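Chains, contacts and geometry: an overview
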Amino acid sequence: MADSAGIQQGSPAIGAAGLVPAAPGAGGTEGSGAAGGSARIAVKKAQLRSSPRPKKLEKLGVYSSCKAEGACKCNGWKSQNPPPTPPRTDQQSSTVNLQEPCRSCSHTLGDHVTHLENVSEEEMNRLLGIVLDVEYLYTCVHKEEDADTKQVYFSLFKLLRKSILQMGKPMLEAQESPPFEKPSIEQGVNNFVQYKFSHLPSKERQTIMELAKMFLNQINYWQLETPSQRRQRVPTDDAAGYKANYTRWLCYCNVPQFCDSLPRYETTQIFGRTLLRSVFTVMRKQLLEQARQEKDKLPPEKRTLILTHFPKFLSMLEEEVYSHSSPIWSQDFLAGASGGQIPIHTVISAPPVARPLYYSTSPVSVDPSTCGSVSPARKTASVLEPNPAGEKRKPSEPLPHEENKRPRVVGDIPMDLINEVMATITDPAAIPETSLLSAHSARDEAARLEERRGVIEFHVIGNSLNQKPNKRILMWLVGLQNVFSHQLPRMPKEYITRLVFDPKHKTLSLIKDGRVIGGICFRMFPSQGFTEIVFCAVTSNEQVKGYGTHLMNHLKEYHIKHEILNFLTYADEYAIGYFKKQGFSKDIKVPKAKYVGYIKDYEGATLMGCELNPSIPYTEFSVIIKKQKEIIKKLIERKQAQIRKVYPGLSCFKEGVRQIPIESIPGIRETGWKPVGKGKELKDPDQLYGTLKTILQHVKSHQNAWPFMEPVKKTEAPGYYQVIRFPMDLKTMSERLKSRYYTTRKLFMADMQRIFTNCREYNPPESEYYKCANLLEKFFYTKIKEAGLIEK
């Protein structure tokens, strides 16, 4: 760490020396590190607090205003014989004389400290601690060269000086108080660990937690560069925003390390992604450089952790820090992909004291290939701006109790039971590993494991007219052209070549042993909100290994990070089955006006679409679902074990009873069975009328209701009334509602359902009317459920 004046940007030590952040303003002095600065202050405070009470009064008198009669304006007692500068520690001053006059106002020392006569020893020691902090900050002000930092030191100096005069506690006056952004850096890293690594076995997950602890520890003791230094390095950056965060960091995190009179906060708990973005790039570079320089000093068990796993961890985290749509910074972060809110538990938290970078609670060694590698396809997905952070929690609140604050839902399973079951299903001894050939294994499981071991790689590549051609990328493009030409024999080779090498098209390529074995060629239309998939193929001798599914999952994650959430493609008769398995359907969610004229039309092919959910980690989706199934299975087994009981057979039927209520069967309710609800029937006619009127208005205003607004005209649909015997439309329903025809909800629902049934009976499935009926039907039943007319 440099000994220059001021707070310098720089990384804490990685080697055996541990973390040594610079003390504020300790420019050029001996032992200017934090260990030296804070240690010296602590020793001085201990010596002063052990001094006799008169000596303490003398020290406090220097900072106490005169209380003598006559409204003396002297703000501190000054000795007639001031000690040498700097004071010598080997000379102890003589006995303190409370009658010694002040050099400034001539009143005695006793007149300056009369307010301290009845003060407790504890309060006296507290004030003495502030005194030494004031003296230290005074030195900092005079030695600091940076104007912004000097101003903060001086403000804190005046604050502490005022606290001594008023015998109060130092309270920083600011428009905002900590935390300044939510979620905090610590919470964001917690979310990142769960988002990317929750599927790993417990041993490998423990390694990730150790890496996260190292990273948080570094941030807590990282020295921010001054605003002027940052302006020189990044002139286009948000200077005002950085200066505000720098000032907060000095006041709440940095200076309190040495001046313990001020309340201290961990950087990772009161700052969020904004501050992290301002330091991450430089911090990552310096940490990795210092790790390489000090690799010989690292303990053997930590060398692999820091030199191999830590760079991968930082690369993956960097992607999420600068991502435009990363879910880890969302207040509604979902640890799972099932769509329900899962309570987030603290995976790691920042260590309270400085530790070396290789801090660990226990030695851990893992296979480097399983440390959560990121595919090159993800690396190319550069995204820039975050979502705005919202409210989540106070950093002092323990996360494990967060689920207690949520409203309990009937049927919720206690978290301690979930954790107990989770421990069972992740224990290798409790549940054997599923064979890849098992009928229960996911289609992409083998491919995912191969990617983790480095057998296969995924790269998004494309041709470029602006950059010098990369030989390897050109070879891969030629390989892709060969794969597509061989696997799509009905497609002209010239056409395939033109699109694969077209700079507007990109291809997610699957590489195995250095050669291309598959890929998906696509063209992105960001302004229209969709991507067209042009070619998709895997070489024939590598099929049935889950590569196709894993390819599509990588492509989905790539597009989520580019905020394009719709795929369109024309699938031939042989590809329809594959695309259906990947979530595609003939029900196109993209408005026709968005893609007509953009997408290429193919004769004899079927247009299919897929809408992406940005909350789903697609490459790990099958793992999450598998784990959820195992949890449910275990919970069912536990429930069965609790309620398993054999009841005697029913004998009532021998006695002539024809039927009995289901709930009267012994043991049926203990299994969790409940009577099938038929929905709430509104008996009040006015209430029923109002509810049905609201639902009908919502349905009529829906964007897909236009084909059903009025009765079908015979001129527009010849033969319609020969096919449809009981026509119905929304205009007729409105008239029936006004005439109070709908005395029960069943009549209303029957007429509405008839509209959809008639439409599907008369129109072909690929027609626009058919699609409108399906979408409007879903909307209608959503509104019916919201109104409580049928059970959800």
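Per chain, the residues get numbers from 1 upward, laid out in the order the sequence is written. Only residues with pLDDT of at least 70 get local features here, since the model is predicted, and only at 80 or more are side-chain atom pairs given and counted; chain-wide, interface and lining totals rely on the full set of residues. Note: side-chain values were computed over all heavy atoms of the structure, leaving out hydrogens and water.

The name an unreviewed UniProt entry gives the protein is Histone acetyltransferase, with Seriola dumerili as the organism. A UniProt comment under Sequence similarities (unreviewed entry) is attached to the protein, and it reads "Belongs to the acetyltransferase family. GCN5 subfamily." UniProt positions are given in the numbering used here, feature names are shortened, and annotations may be inferred rather than shown by experiment.

With that out of the way, let us pick up empty space enclosed by the protein. Buriedness for pockets is judged along seven lines, at least five of which must meet protein on both sides within 12 Å for an open set on the 1 Å grid over protein atoms alone, while cavities are sets there where a 1.4 Å probe fits but cannot get out, and lining residues have an atom within 4 Å of a point. Grid points are joined across faces, edges and corners, and a volume is the space filled by probe spheres set on the points. Overall, the coordinates contain 6 cavities of 30 Å³ or more when judged by the stated rule. The helix and strand labels rest on DSSP assignments: H or I over at least four residues marks a helix, E over at least two residues marks a strand, and numbering proceeds from the N terminus. The biggest single contributor to the lining of the second largest cavity is helix H19 (residues 547-561), with 3 residues. Tallied by class, residues from the lining of the second largest cavity come to 5 nonpolar, 3 polar and 3 charged. Gly counts as polar in this scheme, as do all residues outside two lists: the nonpolar Ala, Val, Leu, Ile, Met, Phe, Trp, Tyr, Cys and Pro, and the charged Asp, Glu, Lys and Arg.

This part covers helix H6 (residues 185-197). Within an α-helix, residues lying three or four positions from one another point in the same direction, as the helix has 3.6 residues per turn. In a regular helix each residue adds 1.5 Å, so 13 residues correspond to 18 Å; H6 covers 18 Å between its end C-alpha atoms and thus fits that length. Summarising burial for H6: 13 of the 13 residues are buried, a large majority. Each residue after the first adds 1.5 Å to the expected span of a helix. Note on exposure labels: buried denotes an accessible area under 20% of the residue type's maximum, exposed denotes more than 50%, and partly exposed covers the range between, all computed with a 1.4 Å probe on protein chains only.

Think of pLDDT as the predictor's per-residue confidence, scored from 0 to 100. In this model, the protein carries a mean pLDDT of 77, and residues with pLDDT of at least 70 account for 78%. A low-confidence stretch, residues 1-23 (pLDDT under 50), is modelled with 87 contacts involving residues beyond four sequence positions or located in other chains. The contact criterion used throughout is that any non-hydrogen atoms of two residues lie within 4.5 Å. Contacts of residues 428-440 to residues separated by more than four positions or lying in other chains number 11 contacts, the stretch itself having pLDDT below 50.

This part is about a nonpolar patch on the surface. Here a patch means residues that are over 30% exposed by relative accessible area and free of salt bridges, tied together within 9 Å if like-charged and within 5 Å if nonpolar (Val, Leu, Ile, Met, Phe, Trp, Tyr). The method behind every accessible area is Shrake-Rupley, applied with a 1.4 Å probe, and residues are considered shielded solely by the protein chains displayed. For this analysis, a salt bridge means a side-chain nitrogen from Lys or Arg found within 4 Å of a carboxyl oxygen belonging to Asp or Glu. A cluster of nonpolar side chains, contributed by Leu650, Phe653, Val657, Ile662 and Ile665, occupies part of the molecular surface with about 380 Å² of accessible area. Residue valine 657 is classed as partly exposed on the basis of its relative accessible area, which comes to 33%.

Before going further, it helps to examine the pairing of strand S1 (residues 456-461). Burial analysis of S1 places 5 of its 6 residues in the buried class, the great majority of the element. Two strands pair if DSSP finds at least two bridges between them. Sheet topology places S1 next to strand S2 (residues 506-512); 6 bridges connect them, and they run antiparallel. In the sheet register, histidine 459 faces S2, and the bridge partner there is serine 509.

Turning our attention to the sheet that holds strand S6 (residues 606-611). Strand order in the open sheet made by the 6 strands is S1-S2-S3-S4-S5-S6, with mixed pairing throughout. Looking at strand neighbours, the two that pair on one side only are S1 and S6, the edges of this open sheet. Within the sheet, the average angular offset between the axes of one strand and its neighbour, ignoring direction, is 25°. Together, strand S3 (515-525) and strand S4 (530-538) form the strand contacts of helix H18 (residues 493-500), whose direction differs from that of S4 by roughly 125°. Axes, fitted as lines to C-alpha atoms, cover a helix only where it is in contact. Angles between the N-to-C directions of the axes lie from 0 to 180 degrees.

Residues grouped as a nonpolar core are buried Ala, Val, Leu, Ile, Met, Phe, Trp, Tyr and Cys residues, joined through side-chain atoms within 4.5 Å. Grouped together as the largest cluster of nonpolar side chains are 84 residues, with contacts concentrated most on Phe215, Phe310 and Phe313. Looking at which element gives the most residues to this core, the answer is helix H4 (residues 121-143), with 11 residues. Looking at this core, you find at least three residues from each of domain 1 (34-79 + 96-164) and domain 2 (183-253 + 262-320). Counting residues in hydrophobic clusters, the runner-up holds 30 residues, among them Ala447, Phe458, Ile533 and Cys610. As annotated, the domain borders come from an automatic or database domain assignment.

Further remarks concern unusual backbone geometry. Trans is the prevailing form of peptide bonds, just as negative phi is the prevailing case for residues other than glycine. With an omega of -5°, the peptide bond running from proline 178 to proline 179 counts as cis. Structurally, proline 179 can be placed in the loop between helix H5 (147-166) and H6. Despite not being glycine, aspartate 513 has its phi angle at roughly 55°, a positive value. Position of aspartate 513 among the secondary structure elements: in the loop between S2 and S3. Exposure remark for aspartate 513: the relative accessible area of 66% places this residue in the exposed category. Unusually for a residue other than glycine, glutamate 563 sits at a positive phi of about 60°. Relative to the assigned elements, glutamate 563 resides in the loop between H19 and strand S5 (566-571).

Turning next to the packing of aromatic side chains. Only Phe, Tyr and Trp rings are paired, with Trp represented by its six-membered ring, and only when their centres lie within 6.5 Å; those with planes under 30 degrees apart are stacked, over 60 edge-to-face, the remainder tilted. Counting across every chain of the model gives 32 aromatic pairs. Ring centres 5.4 Å apart and planes at 40° place the aromatic pair phenylalanine 180 and phenylalanine 271 in the tilted group. Separated by 91 residues along the polypeptide, phenylalanine 180 in the loop between H5 and H6 and phenylalanine 271 in the loop between helix H10 (267-270) and helix H11 (273-293) bring together distant segments of the chain. For phenylalanine 180, a relative accessible area of 12% translates into the label buried. Consider the rings of tyrosine 720 and tyrosine 721, whose centres lie 5.2 Å apart with planes at 85°: the pair is edge-to-face. Looking at tyrosine 720, the relative accessible area reads 8%, which means it is buried. A network of ring pairs unites the aromatic residues Phe708, Tyr741, Tyr742, Phe748, Phe756, Phe780 and Tyr781 as a single cluster.

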